[in-house]
Amino acid sequence: MPILLFLIDTSASMNQRTDLGTSYLDIAKGAVELFLKLRARDPASRGDRYMLVTYDEPPYCIKAGWKENHATFMNELKNLQASGLTTLGQALRSSFDLLNLNRLISGIDNYGQGRNPFFLEPSILITITDGNKLTSTASVQEELHLPLNSPLPGSELTKEPFRWDQRLFALVLRLPGVASSEPEQLGSVPTDESAITQMCEVTGGRSYCVRTQRMLNQCLESLVQKVQSGVVINFEKAGPDPLPVGEDGLMDPCRPSNSFASQPWHSCHKLIYVRPNSKTGVPVGHWPIPESFWPEQNLPSLPPRTSHPVVRFSCVDCEPMVIDKLPFDKYELEPSPLTQYILERKSPHTCWQVFVTSSGKYNELGYPFGYLKASTTLTCVNLFVMPYNYPVLLPLLDDLFKVHKLKPNMKWRQAFDSYLKTLPPYYLIPLKKALRMMGAPNLISDNLDCGLSYSVISYLKKLSQQTKLESERILASVGKKPPQEIGIKVKNHSGGGMLLAHNKNFRKLLKEIIGEAAPRLTELNTKEFAGFQVGLLNKDLKPQTYRNAYDIPRRGLLDQLTRMRSNLLKTRKFIVGQDEDSLHSVPVAQMGNYQEYLKMLASPLREIDPDQPKRLHTFGNPFKQDKKGMMIDEADEFVVGPQNKVKRPGEPNSPMSSKRRRNAAVVRDIHEEKMENGQSPADGFLSKSAPAEFMNVAGDDGIISNQLDSLSDDYTGLIKDGLIHKPGSSTLLGGSKTCNLSVDDQKITSSETEPNSVQITPAMAQGINADIKHQLMKEVRKFGRKYERIFNLLEEVQGPLEMKKQFVEFTIKEAARFKRRVLIQYLEKALEKIDDHHLLNNVNHVNSRSSC
């Protein structure tokens, strides 16, 4: 469940105006709303939690925290006002304390027991500021300083105020107050030069220098992509550089190698992606990253740890070791100079071991706990986390299963006990679970020791209890307004007479409402509104404003009781099926609250047809496609950013893959089977082009429905060689008077018409075709493979076969726009049949003229 915390600069400098006349604070509010909209396109955004923090004094700076819903978040965002000082350091400290509020209670940091990447709360902190000087009540600060004292218990266990799953991104607004005549520069957005940039880079984030509205939109698109589940790790090289690799991927000792010069890949501060489990939606892992100290029983307190673990890698090529059934964890590295260097070596079958300094008891560098390895396809680099000192454990387990057949001898047990002595105590529990999963005997004692002293464990429990109390205090103050400064109150006596006059008017109006004194008609000016009549008051009707139950007359008791019950229970509805007025009286501020609606929806089902392109979550525009370059939406036409085109696995470059050929064969077999069983397909050569399984079959006889609700029954005729065939009749309407054609000794005269038949004029035909064209455009856009209505609409086209051919070609173009490949194939078959039918008609026409 990602946490998105927005830190909005509410200092007085945010009131400055841009060239468009909007203030920086208004731009910040709009940026947050646009980010939420862009984020809502991802189905994973249902579990997002939004928080809002300002530059006010703590704890009043927290406007929306852990318990507030999305509606409260949006309401607080719109009510923000810019006033005060630029206390960025204090606001950042309050933001990180808010994120860390429940970590000690849940034990997610697991102090002294190793770092588990799969125990995380991925958090993105986005601050929007103007980048001006940092001010306080004492002076103007040149550098950013976060307060060291924190009210949160347990903050001394980590050196930094943030954690390894929390990243800071800053949008520094540099929009000019006067419109610039210089053309806007396209490309990537540079980082800002303010004091917050270094803080962003330390957490694994970055800053953006925003100079135009388009750049702001581009930054928001980038930030949406940054919402990833993962933790930040410091990777540092240990030992000499590896031997250079030639173009063939083999070692080339003749090439020069500079092992002493510092390279960008020697030290990288990047994210490793922790993917959630596809079934549970929660990350699952087995092995921790070791601590940078050896836990002992006589340790009085835990040494403070750094937020990001320092993982050293050795550039000595090793063989990746894996045995059957032994669990391991695999994490993909964020692209960096290190990953680029490893991929350029083109060695997917070798790996580099990773260590944590001082993690072992007898070795300063520690023993390897995993390795870095390029993927087989050389597309990414993965971190494999194995058991601690796995080069010793894996051969022992391999011998246990293959040589000793799960019955180890004394020599093997001695070697295994020697290995356990090099193992940090917090690895014993996951190792015992792994051996149980592999089916090995119980080789580890049940009396496990975590390695921490009793005083340390008691201290951690005490911190957890203190954190609960501090958490309740902070959460109780969320949303409260800071106390106003009490000044000198001055009474104003100049308007006393006016207040008295207003008081008299109010009393007079109150008497008129409760019916004690009715207004006189002489006071009403009837000449002001000519043509209107003033209704006379009925003296018998009195308003029902009973303050005392004894004032109600006896004959009106039952009616009054019914009205009171209806008002209390709110069960009265004037119209059957009428909704409550509150459902249709939503404030404008809550109309865009789509997050609460998403949370109430059920989980989406899997796609019926996995071959279809994945439909994006596009609220407000269900037909929006994934395009490159400029991405345009109905609500935000200025959103810019390249969209990655996802190619389905197994899809070749040819227009029709082997899988689609198999599907087409299955379709043809089903169609032939229905014909053998006496089930007739739809009439017309166009409907025969569509497979039977894509048509809506009505009834038990398999008769295909061809009802069209867009056209009237008078005009739903089929075109046959320029003649209009009316359904339910064997008469052909229209055409020219040439000669009589004989079919099975029956003659049909083209000039004969029914008395009550409707003659379709060219203007009527043109209107029908325009309606059909509009319906075709709507049908092609629909998802699914039910093409019956499309082919029925094509049958209804008025005019010669050439006109039908034009409509089929138009439908093919529309289907190509929306990537309806299967529909295009059947439309092309229909186009071929039209050409064959047109050629046959020309031959018959020549033969008929010769016979005449």
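These numbers were taken from a predicted model, which means no experiment stands behind them.

Rules and cut-offs
- Residues numbered from 1 in each chain as written.
- Predicted model: local features only at pLDDT ≥ 70, side-chain atom pairs only at ≥ 80, totals over all residues.
- Heavy atoms only, no water.
- Helix = DSSP H or I, 4+ residues; strand = E, 2+ residues; numbered from the N terminus.
- Buried < 20%, exposed > 50% of the residue type's maximum accessible area, 1.4 Å probe, protein only.
- Contact = heavy atoms within 4.5 Å.
- Areas by Shrake-Rupley, 256 points an atom, 1.4 Å probe, with all protein chains shown as cover.
- Phe/Tyr/Trp six-rings, centres within 6.5 Å; stacked < 30°, edge-to-face > 60°.
- Pairing = 2+ DSSP bridges.
- Axes fitted to C-alpha atoms, helices over the stretch in contact; angles between N-to-C directions.
- Parallel < 35°, antiparallel > 145°, perpendicular 65-115°, else oblique.
- Left-handed = near helix turned anticlockwise from the far one by under 90°.
- Nonpolar A, V, L, I, M, F, W, Y, C, P; charged D, E, K, R; others polar.
- Core = buried A, V, L, I, M, F, W, Y, C linked by side-chain atoms within 4.5 Å.
- Lys, Arg positive; Asp, Glu negative; His and termini not counted.
- Salt bridge = Lys/Arg side-chain N within 4 Å of Asp/Glu carboxyl O.
- Polar contact = N/O pair within 3.5 Å; in protein donor to acceptor, adjacent residues only side chain to side chain.
- Right-handed = clockwise from strand over helix to strand, strands pointing away.
- Expected span 1.5 Å × (residues − 1).
- Patch = residues over 30% accessible without salt bridge, like charges linked within 9 Å, V, L, I, M, F, W, Y side chains within 5 Å.
- pLDDT = per-residue confidence, 0-100.
- Arc of directions from axis to C-beta.

1. Regarding the overall build of the protein chain
Counting its regular elements, the protein chain contains 19 helices and 22 strands. Taken across its 852 residues, the protein chain has 41% of its residues classed as buried. Excluding contacts between residues fewer than 6 apart, the proportion of contacts in the protein chain whose partners are at least 24 apart in sequence is 74%. On the protein chain, roughly 51,000 Å² of surface is accessible, and the fraction owed to carbon and sulfur atoms is 54%.

2. Things to note about the packing of aromatic side chains
Applying the stated criterion across every chain yields a total of 18 aromatic pairs. Arranged with centres 5.1 Å apart and planes meeting at 25°, the rings of Y371 and F384 form a pair that is stacked. One end of the pair, Y371, is in strand β14 (residues 370–374); the other, F384, is in strand β15 (residues 381–385), with 13 residues separating them in the sequence. For the residue pair Y371 and F384, the accessibility class agrees, reading buried in each case. Seen in terms of ring centroids, F416 and Y419 are 6.3 Å apart; in terms of plane orientation they differ by 40°. Their pairing is tilted. Here F416 pairs with Y419, and both are found in helix α9 (residues 410–421), just three residues apart, close to one helical turn.

3. Thoughts on the side chain of T86
With respect to the helices, strands and loops of the structure, T86 is situated in the loop between α2 (70–78) and α3 (88–99). Those residues within four positions of T86 in sequence are excluded, and the remaining contacts are D9, S11, S13, Y55, K133, L134 and T135.

4. Focus: the sheet that holds strand β7 (residues 166–173)
Pairing between the strands of a sheet is mediated by backbone hydrogen bonds and can be parallel or antiparallel. Pairing in this open sheet of six strands is mixed, and the strands run β3-β2-β1-β4-β7-β8 from one edge to the other. Edge positions in the open sheet fall to β3 (62–64) and β8 (207–210), since each of these has one partner strand only. Taking the axes of each pair of neighbouring strands and ignoring which way they run, one obtains an average angle of 20° across the sheet. Pairing of strand β1 (residues 3–8) with strand β4 (residues 123–129) involves six bridges; the strand directions are parallel. Paired with L4 across the two strands is I124, which belongs to β4. Against the sheet, α2 engages β1, β2 (49–53) and β3, with an angle of about 30° to β2. The sheet contacts of α3 involve β1, β2, β3, β4 and β7, and relative to β1 the element is tilted by about 160°.

5. Some remarks on the sheet that holds strand β13 (residues 351–355)
Strands sit in the order β9-β10-β12-β15-β14-β13-β11 around a closed barrel of seven strands; the barrel is mixed. Recorded for the sheet is a direction-independent mean angle of 35° between the axes of neighbouring strands. Both strand β10 (residues 267–273) and strand β12 (residues 329–333) contribute to a ladder of two bridges, which runs antiparallel. Within β12, the residue paired with Y273 across the bridge is E332.

6. Thoughts on the packing of helix α17 (residues 788–795) against helix α18 (residues 801–817)
Relative to each other, α17 and α18 sit at 150°, their axes nearing to 10 Å. Considered as vectors, α17 and α18 are oriented roughly antiparallel to each other. For the element pair α17 and α18, the recorded crossing hand is right-handed. Note on element contacts: α18 touches α17 through K804, F807, V808 and T811, opposite I790, L794 and E795. Class assignment for the residues of the contact of α17 with α18 results in four nonpolar, one polar and two charged.

7. Concerning the nonpolar core
Ranked by internal contacts, the top residues of the largest apolar core, which has 56 residues, are F235 and F416. No other element matches helix α8 (residues 390–402), which puts six residues into this core. Excluding anything up to four places from it in sequence, F416 contacts L393, L396, L435, L443 and I444. Listed in part, the 39 residues of the second largest apolar core include L4, L38, V189 and L216.

8. Examining the packing of helix α1 (residues 24–39) against α2
Two numbers describe how α1 lies on α2: the axes approach to 10 Å, and their chain directions differ by 155°. On the basis of the axis angle, α1 is roughly antiparallel to α2. The element α1 and its partner α2 pack so that their crossing is left-handed. On α2, the residues touching K29, V32, E33 and L36 of α1 are H70, F73, M74, L77 and K78.

9. Some words on the pairing of β10
Bridge count for strand β9 (residues 230–238) against β10 is seven bridges, and the pairing is antiparallel. Following the sheet pairing, V232 is matched in β10 by L271.

10. Topic: the side chain of D9
Within the secondary structure layout, D9 lies in the loop between β1 and α1. Buried charged residue D9 carries no salt bridge. Nearest counter-charge: R174, at 10 Å. Looking at D9, its side chain comes within polar contact range of the side chain of T129, at 2.8 Å. Excluding its chain neighbours within four sequence positions, the residues that come into contact with D9 are M14, L25, Y55, T86, I128, T129 and D130.

11. Details of the pairing of β1
In the case of a regular strand, side chains alternate between the two sheet surfaces. For β1, the buried fraction is high: six of the six residues fall into the buried class. Neither face of β1 is open: one carries I3, L5 and L7, the other L4, F6 and I8, and all of them are buried. With α1 bridging β1 and the parallel β2, this β-α-β connection has right-handed handedness.

12. Quick notes on the pattern of salt bridges
Taken as a whole and assessed by the stated rule, the structure comprises 19 salt bridges. For E470, the salt bridge goes to R473, with nearest N and O atoms at 2.5 Å. On the criterion of helical spacing, the pair formed by E470 and R473 is a turn pair, its members being three residues apart in helix α11 (residues 454–476). What makes E470 buried here is its relative accessible area of 13%. For R473, a relative accessible area of 43% corresponds to the partly exposed category. Across the salt bridge formed by K782 and E779, the nearest N and O atoms sit 3.2 Å from each other. Using a relative accessible area of 12% as the deciding quantity, one classes E779 as buried.

13. A look at α11
The first and last C-alpha atoms of α11 sit 34 Å apart over 23 residues, in line with the 33 Å expected at 1.5 Å per residue. Each element contacted by the buried residues of α11 is listed here: β3 and α4 (103–106).

14. Some details on unusual backbone geometry
Peptide bonds are mostly trans, and most non-glycine residues show a negative phi. In this structure, the amide linkage connecting P58 to the following residue, P59, adopts the cis form with an omega of 5°. When you line up the elements, P59 lands in the loop between β2 and β3. Although it is not a glycine, L378 adopts a positive phi angle of roughly 60°. For L378, the location among the structural elements is in the loop between β14 and β15.

15. Remarks on a nonpolar patch on the surface
Taken together, V586, V588 and M591 make up a surface patch of nonpolar side chains, about 310 Å² in accessible area. Mapped onto the elements of the fold, V586 is located in the loop between α13 (557–569) and α14 (594–600).

16. Observations concerning the confidence of the model for the protein chain
Low pLDDT marks regions whose predicted coordinates should not be analysed in detail. For the protein chain, per-residue confidence averages 75 on the pLDDT scale, and residues scoring 70 or more make up 68% of the total. Taken as a whole, residues 627–683 scores under 50 in pLDDT and shows 75 contacts with residues more than four places along the chain or in a different chain. Counted against residues more than four places away or in other chains, residues 692–757, with its pLDDT under 50, gives 110 contacts.

17. Overview of the environment of L299
Residue placement: L299 occurs in the loop between β10 and β11 (310–314). Overall, L299 belongs to the partly exposed group, its relative accessible area being 21%. It is 7.8 Å that separates the C-alpha atoms of L299 and V456, two residues lying 157 residues apart in sequence. Apart from residues no more than four positions distant in its own chain, L299 is found in contact with F293, S453, S455 and V456.

18. Quick look at α2
Of all the residues in α2, the buried ones are H70, F73, M74, E76 and L77. Viewed end-on, α2 has its buried residues packed into an arc of 165°, placing them on one side of the element.

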